[in-house]
Structure formats: C-alpha cells, structure tokens
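Structural overview for review
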Amino acid sequence: MKIKVVLILFISTVFCVAYSQNTDLGKFIPSDCPLELPEELLGSGKFLYGSMEVPQYANTLDVKTVKLAVAIFKCRADNATHEPLVLCSGGPGTSNIDGFVPDLAGGLGDLFLNERDVVIIESRGLKYSEPYLKIRGLEELQLSLLKKNLNADETIALYMDSISASYNRFNNQGIDLSAFNSLETSNEIAYVMKQLGYGKFSMFGTSYGTEIAQYVLMNHSDQLASVVMNGVMDINLGGYHMHTSLISTLDAMFNLTDNDPKYAGVFPNLKANFLGLIKRLNEKPVTISAKYGADGKTRKILLTGSRLSVWLFNQMYHNTQLPLTLHKITSGDYSPIIESPGLIFPVPGFSMGLSLSMFLSETSDIKPENIPIEGEYAELVKGTSTTMFGPYFWNKTKEVWKV
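Residues numbered from 1 in each chain as written. Predicted model: local features only at pLDDT ≥ 70, side-chain atom pairs only at ≥ 80, totals over all residues. Heavy atoms only, no water.

With that settled, consider the layout of surface pockets. The volume enclosed by the largest pocket comes to roughly 1200 Å³. At the level of secondary structure, the elements contributing two or more residues to the lining of the largest pocket comprise α9 (242-259) and α12 (305-315). For the lining of the largest pocket, the leading source of residues is α9, giving six residues. Along the lines of polarity and charge, the residues of the lining of the largest pocket split into 23 nonpolar, 20 polar and two charged. (1 Å grid on protein atoms, 1.4 Å probe; cavity = no way out; pocket = protein on both sides within 12 Å on 5 of 7 lines; lining within 4 Å. Points joined across faces, edges and corners; volume = space filled by probe spheres on them. Helix = DSSP H or I, 4+ residues; strand = E, 2+ residues; numbered from the N terminus. Nonpolar A, V, L, I, M, F, W, Y, C, P; charged D, E, K, R; others polar.)

Encoded structure:
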C-alpha cells in the first residue's frame, strides 16, 4: 500500500511540475482580432479577443498543449442576469470565430448581450487556433473541378493527393491527430470557461456542435446551466448513419408527395423526377453561373448529378419548402441553386483535417458493406461524398488519414 501511495504521489508531482513549466497554460492572453469589427465595439471595453493554451489531453501525463483563439463579448449591462453562453458551429471544421463573431457584433448581439456574456471558443484544429488542420490546396482544387464532369470516385481520387500530403506534413510536425476528437474538444471548453472564471455556462450547438454539447453534458454537467441543440447528431451512431438518415428522410417526404392526393397533384412524380434528374445530369450536365461568397466572383458551374446531390444535402439543414424547391429544379428552373449554391462551392477556411480526425476516430463501422451504395439512391449517396462528407468518402480516406 505504501508503495502505491508513493507512486501516486510521484506521478502527481511529475504531472504538476511538468505543467508548471508552461507559464502560459490556462492564461487568457489578449491580442488583436483578425476580423474587421465596428470601432465602437473595439473601443467599448465590452469585447475581448485573445488566446489560451490548454492541455492536449485532459487528465493525463501528456504535457503537450494546443492554443485556442477565444472571443468574449461582455454583457452590455453592468450585471449579467443570465449565465454566459458558449456557441459551437457545425462541420466539424467550420470556424466558430468566423461563424459567430461578426453576427454578435451586429444584430445578433442585440438579442443576447443585454443579459449575458457570450464566449466564442475556436476549438482545436480550427482556423484561428494552433495547429490549424487545413488541407493545403484543397479549396483551389475544388474550385478547379467546377467545370469538370467527374464521377464521385474520380473526384475523391484527386482529393487524396492533398489529403495524404497534409497528413504527412502534420505528422512530421509532431502533431498528434488523434487528439483532435469530440471528447478533448468538450474538455477544452470546460477548461477554458473555468479558467475565465465562469462557474456555470449555457451552451448552443448546431449539427456537429450538438455532438460536442452532448460530450460536455456527459463529462462536465456540473458546469452547465442549460443546453440548446439544433440538428442533433446521435453520438451512439456517429457519422456513419449520415447517408441512411438522408435516405429515410427523403423517402418519408417522397412517400407523402407521391401518395397524398393534395400533394401529388402539385408535385407529380417528384421522387422519380428528382432521382431521374440526378442520373441525367451525371450523363449530360448543364452549365449554370453562381456567385461565390468568398470572393464575390460569379463562376460557371457544370451542374452534374453529384453536385445536385451535394446541394440537396446542404439544403436539408434549412429548406422548409423542399418539395416545392425540387419541383422547380426538376421542371428546369435552377434558380434555387444559383441563388444559394451552398456546398457546391468550398467553405472558406474549412479545417478538413479536423473533420477527418473527428469522424474517422469516432465512426468505427465505415465498411463498404455498411454504406447504401446500391439501389435507387446509389448515385445520390456517392454524389454527396464529393463534398468530402459521409461514409463513402471516409471509407476511401481511412487508409490515408490514420487516427
């Protein structure tokens, strides 16, 4: 027993001494915000931007750290009446700073900041944190492919060179890609909020952000006052069921539009028409033009069935009139795509390396036999993978991106 006690004390001492050598650990270090924000906000004292080093792995002897960007909007009132709010975007791979800070500096701030602080934590691997797990050349490659008609396998094969090169680069830099997962992301949120002096906090997560929120619920519920989740992921199923959920949702919608007389008369044969359009566009694409939000330029797009599938996948997050939208498109009106091209274009600054690390470390059953690439939805399922999401894509990348 004495030996065990001595051993525990020795390990604890080593742990504490090792971390004590890093004087920046857990400290909020102010810096200039990289975004253009209103001068009145920057000079108000109600907005803070900076960084914090946090443990790479919580509660272990690993003393390596990652550096997170942190933006804090202070309550406009002298005394906050509600707990601070932490916001998590989806992806994973979408910058929280880019996604929330500009809106909170504008109208969104009017809804929240009179009652509470809002804290935006740029999770590990994202754009403004270090390391930033961006796949070099990927956005440029995606843009160059817009005028080409390649099938899903050909497209994914072109992605592999960039993905493999970045994986090797990160490994050569000593980056432990297995540390970029939902558990450690939830741990760092709890750690940052405690270091900032907040006792309890509320949390909002959307899409993949709901998985992070659930991990915080499981492991740090003592720090939570409330949680709101939008587009909830089932953490027991992981990303593998993305395609089966897509198919079941579409089937329910098409069953309604094809069999309920009040819809069938307005949207006749919607399922057959839409799935038929995907096949025809893969064989003979049409050219459309749409504006890319990142640079404001109008670009020509060869609209293939795969790109239509990608567009639909994105639309299912927010389009509440999907039957009407699909009816327009199957009737030859591509204006919904032109006006909102969504994921047909690359997401600027997206951390695909983080996305791969998270999905591949948490989805154990990515096997060809578990992916619905047979039957009437086969081209839809393969097509959505050209946006670098879903089991079909992950099955191709798991041999390259080993976590």
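Still more ground to cover, so stick around.
Attention now moves to helix α8 (residues 208-219). With 12 residues, α8 extends 17 Å from end C-alpha to end C-alpha; this agrees with the ideal 16 Å at 1.5 Å per step. Residues Tyr-208, Gly-209, Thr-210, Glu-211, Ile-212, Ala-213, Gln-214, Tyr-215 and Val-216 constitute the buried set of α8. Buried residues along α8 sit against β4 (85-88), α7 (182-195), β6 (201-206), β7 (224-230) and α15 (352-362). (Expected span 1.5 Å × (residues − 1). Buried < 20%, exposed > 50% of the residue type's maximum accessible area, 1.4 Å probe, protein only. Contact = heavy atoms within 4.5 Å.)

Ranked by size, the top nonpolar core spans 88 residues in total, and within it Met-203, Leu-308, Leu-326, Ile-337 and Trp-401 carry the most contacts. Within the second largest apolar cluster, 18 residues are counted, among which are Cys-33, Ile-97, Phe-100 and Leu-104. (Core = buried A, V, L, I, M, F, W, Y, C linked by side-chain atoms within 4.5 Å.)

With five of its six residues buried, β6 lies for the most part within the structure. Pairing of β4 with β6 involves four bridges; the strand directions are parallel. Counted as the bridge partner of Leu-87 is Phe-204 from β6. Across six bridges, β6 lies against β7 in parallel orientation. Looking at the pairing, Thr-206 lines up with Asn-230 of β7. Running through α8, the crossover from β6 to the neighbouring parallel element β7 is right-handed. (Pairing = 2+ DSSP bridges. Right-handed = clockwise from strand over helix to strand, strands pointing away.)

Moving on: the side chain of Arg-116. Positionally, Arg-116 belongs in the loop between α4 (107-112) and β5 (118-122). Buried charge without a salt bridge: Arg-116, with Glu-115 as the nearest opposite-charge side chain at an N-O distance of 4.5 Å. A polar contact is formed between the side chain of Arg-116 and the backbone oxygen of Glu-83, at a distance of 2.9 Å. The residues contacting Arg-116, other than those within four sequence positions of it, are Phe-73, Lys-74, Cys-75, Ala-80, His-82, Glu-83, Pro-84, Leu-85 and Ser-202. (Lys, Arg positive; Asp, Glu negative; His and termini not counted. Salt bridge = Lys/Arg side-chain N within 4 Å of Asp/Glu carboxyl O. Polar contact = N/O pair within 3.5 Å; in protein donor to acceptor, adjacent residues only side chain to side chain.)

Scanning the entire structure with this criterion turns up zero disulfides. Here Cys-75 is not disulfide-linked; the sulfur of Cys-33 is the nearest cysteine sulfur, at 20 Å. This cysteine, Cys-88, is not joined by any disulfide, and Cys-33 carries the nearest cysteine sulfur, 18 Å off. Accessibility expressed as a relative area gives 4% for Cys-88, which makes it buried. (Disulfide = S-S within 2.5 Å.)

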